[in-house]
Amino acid sequence: MSSHPIIEFKNVSKRFGDTSIFNDFNFSVKENEIVSIIGPSGSGKSTLLRILMTLEGIDGGYINVNGESLWHMPWNGSYVPASNKHLHKMRDHLGMVFQHFNLFPHMTVKRNITEAPMRVKGLSRSEAEKNAEDLLELVGLADKADSYPNDLSGGQKQRVGIARALAMRPSILLLDEITSALDPELVDEVLDVIRNLAKEQRFTMLLVTHEMYFAREVSDRVCFFDQGRIVEEGAPEDIFTSPKEERTKAFLNAYLN
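Residues numbered from 1 in each chain as written. Predicted model: local features only at pLDDT ≥ 70, side-chain atom pairs only at ≥ 80, totals over all residues. Heavy atoms only, no water.

- As named in an unreviewed UniProt entry, the protein chain is Polar amino acid transport system ATP-binding protein, taken from Marinomonas aquiplantarum.
- Check the Subcellular location (unreviewed entry) section of the UniProt entry for the protein chain; it says "Cell inner membrane". (UniProt positions renumbered as here; feature names shortened; annotations may be inferred.)

## Topic: the overall build of the protein chain
- Each helix and strand counted, the protein chain has nine helices and 12 strands in total.
- Taking 2.2 N^0.38 as the reference for a compact globule, 257 residues should give roughly 18 Å; the C-alpha atoms of the protein chain span a radius of gyration of 19 Å, in line with that estimate.
- Along the longest, intermediate and shortest principal axes, the C-alpha atoms of the protein chain span 55 × 50 × 35 Å.
- In the protein chain, buried positions account for 53% of the 257 residues.
- Long-range contacts, defined here as pairs at least 24 residues apart, represent 64% of the contacts in the protein chain between residues at least 6 apart. (Helix = DSSP H or I, 4+ residues; strand = E, 2+ residues; numbered from the N terminus. Rg over C-alpha atoms; globule rule 2.2 N^0.38 Å. Buried < 20%, exposed > 50% of the residue type's maximum accessible area, 1.4 Å probe, protein only. Contact = heavy atoms within 4.5 Å.)

## Quick word on unusual backbone geometry
- Even without being a glycine, Asn76 presents a positive backbone phi close to 55°.
- Along the polypeptide, Asn76 turns up in the loop between strand 6 (72-75) and strand 7 (78-81).
- Residue Glu177 is not a glycine yet carries a positive backbone phi of 45°.
- Its location among the elements puts Glu177 in the loop between strand 9 (172-176) and helix 6 (184-201).
- Taking the relative accessible area as the measure of exposure, Glu177 reaches 12% and is therefore buried.

## Quick word on the pattern of salt bridges
- This structure, assessed with the given rule, holds 17 salt bridges.
- Across the pair Glu129 and Arg125 runs a salt bridge whose closest N-O atoms are separated by 3.9 Å. Pair noted here: Glu129 and Arg125 are both in helix 4 (residues 125-138), with a separation of four residues, about one helical turn. (Salt bridge = Lys/Arg side-chain N within 4 Å of Asp/Glu carboxyl O.)

What follows is the structure, given as structure tokens:
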């Protein structure tokens, strides 16, 4: 794992109306680090990912991704709010898998995966289709290339969602509660794909999850969020076996017991 931070939040603030989500928030992720974010609903976990994916703006502070400012850009010796062109360029670093699958129902599985690489990255159809076939093999769905989303189970749809995110060749993968919409018996098939990515592919991952045992297994670091701040962070074994903060202890006791 590199010591170079690939994601940096510097004194970031974010509000929804009169509600403050983040206030002077600082956070960083190293290159190739796998970080799980846990915590109660409404603590800012998913907002963090949506800000990184430029789906939500910020009200103050700076964010760097791969050494470049995300929501600002240099102009005449200072920084100004980012243009749409700059945001579009920065999104190339990031791939996101959502709670809900967001697949195009009128497109086959293969076309769901090839559409964005051809339109956004300019890949040829043959290159995009070869990449899609390789990714479907990776997620265990090689036989579903010509199927439509409505013919798939929830777990299969989510695995297609993972393949679609990877098709854009991001350096950072954001995973937002990717098992929360699944029936319990389908959870493991999705988590197995992430386990394999963590072990075999090894790139930067930021996971928001309520799967505590999974977070403990795959993460290099676990961060416990509450009310828009990191209450406690550390190695998985330390967080899950001997948390220091009472708020962390109470949360884990409710989830694990």
